[in-house]
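Examination of the molecular architecture
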Amino acid sequence: MDVRLTCQRAVVEALSQLISSSPGRFAPPSAASVEPAPAAEPGSTSAHAPAQRPSLRVQLQARALLEAGLAQRLREGGLQRLVQEEQRGLPLQPEVLARLALAAEARARIHLAWPRLLRALGRRADERSDAAWVERTLDAMPQSLEQALDPWRALVRGARGRLEQATQCLDDGLLRPASAAWQQAQRSREEALHQLALLRNETPVAGASGFEPRRYLRAEGLLPGAARGRHPLRVFLASERSGGGSFIARPRAAALREIGPLALLRHAGRRYRVTGLLAPDATAPLAQATLSRRAGCLLLGAQRWRELCPLSGADLADPAARERLHDLLDAQAYRAEEVAAGVAADDRGFAVATALGLDDGDLERATHAAVQCGADTLLRLCFVPDAQVVQLGRGWRGAAEEGFSLGLPGGEWSVGTPQGGQPSRRVRLWTRQRADALHLQPQAALGLDRDAALALVQALRAAVERRYRLERGTVAAAALGEGDAPGLLLYAACGGGLDALARLAAKPRAFQAVATQALALCPAEASAACDALALLAAGTPRRPEPVDETTYSIHLEHLRRELGDEPGAAGRFIDFLHAQGLRLPDTARQRVPGLYLRPDFHFAPHTWVFCDDAHSVREGDAAQRDALWARGDEVFAWHDGEDLARKVAERPDLFGLPR
């Protein structure tokens, strides 16, 4: 035991040294700073207002990097010390990968110190912080570091590409020295060299580039601290007066409004025009999604083919209820050029909408609840931990056409068609941040119009911060979707976790208490919002929320239509599930990505169902199902001759009660 305590003290002392040498909030706060405080009286303030609870994953990653012996590399030099620079993909060095594997002794020390860290953070061990979770997180450390370095890698590859192109133009002898084209190539070469120096943290002022390893990894969420600037978008400010330019970072939540196409921004007393994107963003593939217009729900991946909105229940087969988006560009780095002081600003602004992005994994983690008054449902709640809060840049405000014109391959922004016949494509910008989010869907019984809904969600936001004594601005609020009854969203403004929002869905009485406090904070002139809050405060919270019978039956009809005129055993399968009130499949006859295969049904995220009868079994079926198993998916197969009730009863985790 003495040896263990000695090892533990050594680890704590070493971590303390690493923390003390790193500015910012690296150390976990005390238990007193993270425990929810009692409700504050209206008008009162707290001198010890707790910020959102720090991520356990980030704290564990910091401990793992320390145990891996990488602290010295993170304190000196640049990020290039972690990768193989001579290889185009900039993979991690073999030595770094070997260290991140963590020997058994290092893992034992982490497990020994973990309960103490949980107590310091005011947390209790559960399935998201137990020993098995710790092992999974440690096993994923190489992938976590790889992902954190990806934005830096993209910037390095882009700068190297521009350097190579400019050098080739200067060396091939086709440009006349001192000509405009020659001077442009010379400037491009010098700018690329300067960018590489910044990315390697080889600037005269250490850390001034923003790519000092610890500062960068904090920004990318691998180390604790810098929550308000986590996973930023970066802008290169090109300026001959400042020695070639510099990189700055902007929070994702506001980036599309600040650094949108041709925007004018100010930094260090100078003005810059955002002229384009840094490669390779300009030629990156475009994403696709389906937007549920009423709820403001952006369905991603396989979920974009859903025929029912998972939040509002809207029929997405109706074109009026949804919008198919095929031109989404997630740009990570922008370029801006210094302009003269007299250049007029463009006051049009940008049309930016907030949406809640949902893919297969997000829906599996969601917690549903509702507030009722008698037989009427007033409000539906859906809490999604680590949700995708999306900012969608549709175009310039007031423009006749949505989207922005992006020149190829250089990535320059333009108004209208680029001059000189330059190829281009029209894109809509989007960016995502991970944050705990609570989606609120007001029902008709509340009688809210859009203005009243906005007043209601702002009052709820202020009440959450007041009741749990959170710093002002910790919780963000937004109205999602279109129409008079939009979806509403409360989320952690800086990303990451926020226990207060989780409580509102997990403990319905907590929402009732927040609604009561929101009523006291809501301005009297917002009478409709006040009336709605009074109803919510007096309503009956409940969870879990049963699926609306009408929505359930509509979904069954959609599945039947997808099966076609001869559903066979598949039709009998879903009829049985419906009769028993069990969970229905998400889709029918959906193609498996990467395989020429259409199982009868799909349950998100990774379960495929086959319903066989005497006429449907074919040679090769077993091999196809083995291929699904081999890729990590689950397969549920039922033959028409089997006892369906017994077969379904074997998988309560899959069928359960309808969502």
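This structure is a prediction, so every number in the text was calculated from the model and none was measured.

Our next topic: the overall build of the chain. When helices and strands are tallied, the chain shows 21 helices and 21 strands. Burial status across the chain gives 49% buried among its 659 residues. For the chain, the share of sequence-separated contacts (at least 6 apart) that also reach a separation of at least 24 residues comes to 70%. A total accessible area of about 30200 Å² is found for the chain, and carbon and sulfur atoms account for 52% of it.

Moving on, we come to the pairing of strand E10 (residues 367-373). For E10, the tally of buried residues reaches five of seven residues, placing the bulk of the element in the interior. A loop of two residues connects E10 with strand E11 (residues 376-396), the two strands running antiparallel in sequence, and glycine 374 in this loop sits at a positive phi of about 65°. Note: E10 against strand E17 (residues 540-542), three bridges, orientation antiparallel. The residue bridging alanine 370 from the neighbouring strand is arginine 542, located in E17.

With that out of the way, let us pick up the pattern of salt bridges. Pairing is possible between side chains of opposite charge, provided their charged atoms come close. For the structure on display, the rule yields 33 salt bridges. Residue arginine 200 pairs with glutamate 202 through a salt bridge whose shortest N-O separation is 2.9 Å. Its relative accessible area of 25% is what places arginine 200 among the partly exposed residues. Under the relative-accessibility criterion, glutamate 202 is labelled partly exposed at 45%.

Attention shifts here to the sheet that holds strand E8 (residues 333-339). The strands making up a sheet are joined through hydrogen bonds of the backbone, oriented either antiparallel or parallel. Strands sit in the order E2-E1-E8-E4-E3 across an open sheet of five strands; the sheet is mixed. Both outer strands of the open sheet, strand E2 (246-250) and strand E3 (264-267), are each paired with one neighbouring strand and no more. Put simply, the sheet's adjacent strands are angled 40° from each other on average, direction ignored. Here strand E4 (residues 270-277) pairs with E8 via six bridges, running antiparallel. Looking at the pairing, glycine 276 lines up with arginine 335 of E8. Packed onto the sheet, helix H9 (residues 180-199) meets strand E1 (233-238), E2 and E8 and runs at close to 135° relative to E1.

Let's shift gears to unusual backbone geometry. Backbone phi values are negative for most residues with the exception of glycine, while trans is the configuration of most peptide bonds. Following leucine 408, the chain continues into proline 409 via a peptide bond in cis, with omega recorded as 0°. Considering the arrangement of structural elements, one finds proline 409 in the loop between strand E12 (404-407) and strand E13 (413-414). At leucine 102, a position not held by glycine, the phi torsion is positive, near 60°. Among the secondary structure elements, leucine 102 is positioned in the loop between helix H5 (94-100) and helix H6 (104-120). Phi at arginine 589 takes a positive value of approximately 55°, unusual for a residue other than glycine.

Between helix H14 (residues 499-506) and helix H15 (residues 508-521), whose axes approach to 5 Å, the crossing angle comes to 110°. Looking at the two axes, H14 sits roughly perpendicular to H15. Taking contact as the criterion, the partners of Arg503, Leu504, Ala505 and Ala506 in H14 are, on H15, Pro508, Ala510, Phe511 and Val514. Taken together, the residues of the contact of H14 with H15 break down into seven nonpolar, no polar and one charged.

Quick look at the layout of surface pockets now. Space left empty within the atom packing is revealed by a probe, the size of a water molecule, rolled over the atoms. Approximately 1100 Å³ is the volume found for the second largest pocket. As for the second largest pocket, its lining consists of 33 residues, of which Arg162, Gln184, Ser188, Glu191 and Arg335 are closest to the centre. If you list the elements that add at least two residues to the lining of the second largest pocket, you get helix H8 (141-171), H9, E4 and E8. Element by element, the count of residues in the lining of the second largest pocket is highest for H9, at eight residues. Considered class by class, the residues forming the lining of the second largest pocket number ten nonpolar, 14 polar and nine charged.

In this section: the confidence of the model for the chain. With 85% of its residues at a pLDDT of 70 or more, the chain has an overall mean of 81. The least confident element of the chain is helix H2 (residues 31-34), whose mean pLDDT is 28; the most confident is H5, at 95. Taken as a whole, residues 1-52 scores under 50 in pLDDT and shows 86 contacts with residues more than four places along the chain or in a different chain.

The subject of this paragraph is the sheet that holds strand E21 (residues 634-639). Taking strand neighbours across the sheet as the criterion, the four strands line up as E18-E19-E20-E21 in an open arrangement whose pairing is mixed. The open sheet has two edge strands with one neighbour each: strand E18 (587-588) and E21. Relative to E21, strand E20 (residues 607-612) is paired through six bridges, and the arrangement is parallel. The residue of E21 that forms the bridge with cysteine 611 is tryptophan 638. In the packing of helix H18 (residues 568-579) onto the sheet, contacts are made with strand E19 (601-603), E20 and E21, and the angle to E20 comes to roughly 120°. Here helix H19 (residues 621-630) sits on the sheet in contact with E20 and E21, set at roughly 150° to E21.

The buried count for strand E9 (residues 350-358) comes to seven of nine residues, which makes it a mostly enclosed element. The sheet contact formed by strand E6 (residues 297-299) and E9 spans three bridges and is parallel. Of the residues in E9, the one forming a bridge with cysteine 297 is leucine 356. Sheet analysis places E9 next to E11, joined by eight bridges and oriented antiparallel. Considered in E11, the bridge of alanine 355 is made with valine 390.

What follows is about H15. Spacing of three or four residues puts side chains on the same side of an α-helix, whose turn is 3.6 residues. The terminal C-alpha atoms of H15 lie 20 Å apart, and with 14 residues this matches the ideal 20 Å at 1.5 Å per residue to within 8%. Among all positions in H15, only Pro508, Ala510, Phe511, Gln512, Val514, Ala515, Gln517 and Ala518 are buried.

Packing of helix H3 (residues 56-67) against H6 leaves a shortest axis separation of 11 Å and a crossing angle of 145°. Crossing of H3 over H6 shows right-handed handedness. Within the contact between the two elements, H3 uses Leu56, Gln59, Leu60, Arg63, Ala64 and Glu67 and H6 uses Ala106, Arg109, Ile110, Ala113, Trp114, Leu117 and Leu118. Within the contact of H3 with H6, the residues separate by chemical class into nine nonpolar, one polar and three charged.

Looking at the secondary structure, you find leucine 56 in helix H3. For leucine 56, a relative accessible area of 8% corresponds to the buried category. For leucine 56, the residues in contact, after removing those within four places along its chain, are Trp114, Leu118, Leu121, Arg123, Ser129 and Trp133.

The next thing to look at is the packing of aromatic side chains. Each aromatic ring pair is described using two quantities: the centre-to-centre distance and the angle formed by the ring planes. Here the structure, examined in full by the defined rule, presents 13 aromatic pairs. These aromatic residues form a ring-pair network of at least three members: Phe573, Phe601, Phe603, Phe636, Trp638 and Phe655. One Lys or Arg, arginine 625, reaches over the ring of phenylalanine 610 and ends 4.1 Å from the middle of that ring. When the ring centre of phenylalanine 636 is taken as origin, the NZ or CZ atom of lysine 647, which lies over that ring, is 5.9 Å away.

Residues Leu438, Leu440, Leu456, Leu460, Leu504, Phe511 and Leu536 are the most contacted members of the largest nonpolar core, which totals 66 residues. Here this core gets nine residues from one element, more than from any other, and that element is helix H13 (residues 450-467). Not counting the four nearest positions on each side in its chain, leucine 536 is found in contact with Val371, Leu378, Leu379, Leu446, Leu456, Phe511, Gln512 and Ala515. Residues Leu60, Leu90, Ala192 and Leu223 belong to the second largest nonpolar core, which totals 48 residues.

Analysis parameters
Residues numbered from 1 in each chain as written. Predicted model: local features only at pLDDT ≥ 70, side-chain atom pairs only at ≥ 80, totals over all residues. Heavy atoms only, no water. Helix = DSSP H or I, 4+ residues; strand = E, 2+ residues; numbered from the N terminus. Buried < 20%, exposed > 50% of the residue type's maximum accessible area, 1.4 Å probe, protein only. Contact = heavy atoms within 4.5 Å. Areas by Shrake-Rupley, 256 points an atom, 1.4 Å probe, with all protein chains shown as cover. Pairing = 2+ DSSP bridges. Salt bridge = Lys/Arg side-chain N within 4 Å of Asp/Glu carboxyl O. Axes fitted to C-alpha atoms, helices over the stretch in contact; angles between N-to-C directions. Parallel < 35°, antiparallel > 145°, perpendicular 65-115°, else oblique. Nonpolar A, V, L, I, M, F, W, Y, C, P; charged D, E, K, R; others polar. 1 Å grid on protein atoms, 1.4 Å probe; cavity = no way out; pocket = protein on both sides within 12 Å on 5 of 7 lines; lining within 4 Å. Points joined across faces, edges and corners; volume = space filled by probe spheres on them. pLDDT = per-residue confidence, 0-100. Expected span 1.5 Å × (residues − 1). Left-handed = near helix turned anticlockwise from the far one by under 90°. Phe/Tyr/Trp six-rings, centres within 6.5 Å; stacked < 30°, edge-to-face > 60°. Lys NZ or Arg CZ within 6 Å of the ring centre and 35° of its normal. Core = buried A, V, L, I, M, F, W, Y, C linked by side-chain atoms within 4.5 Å.

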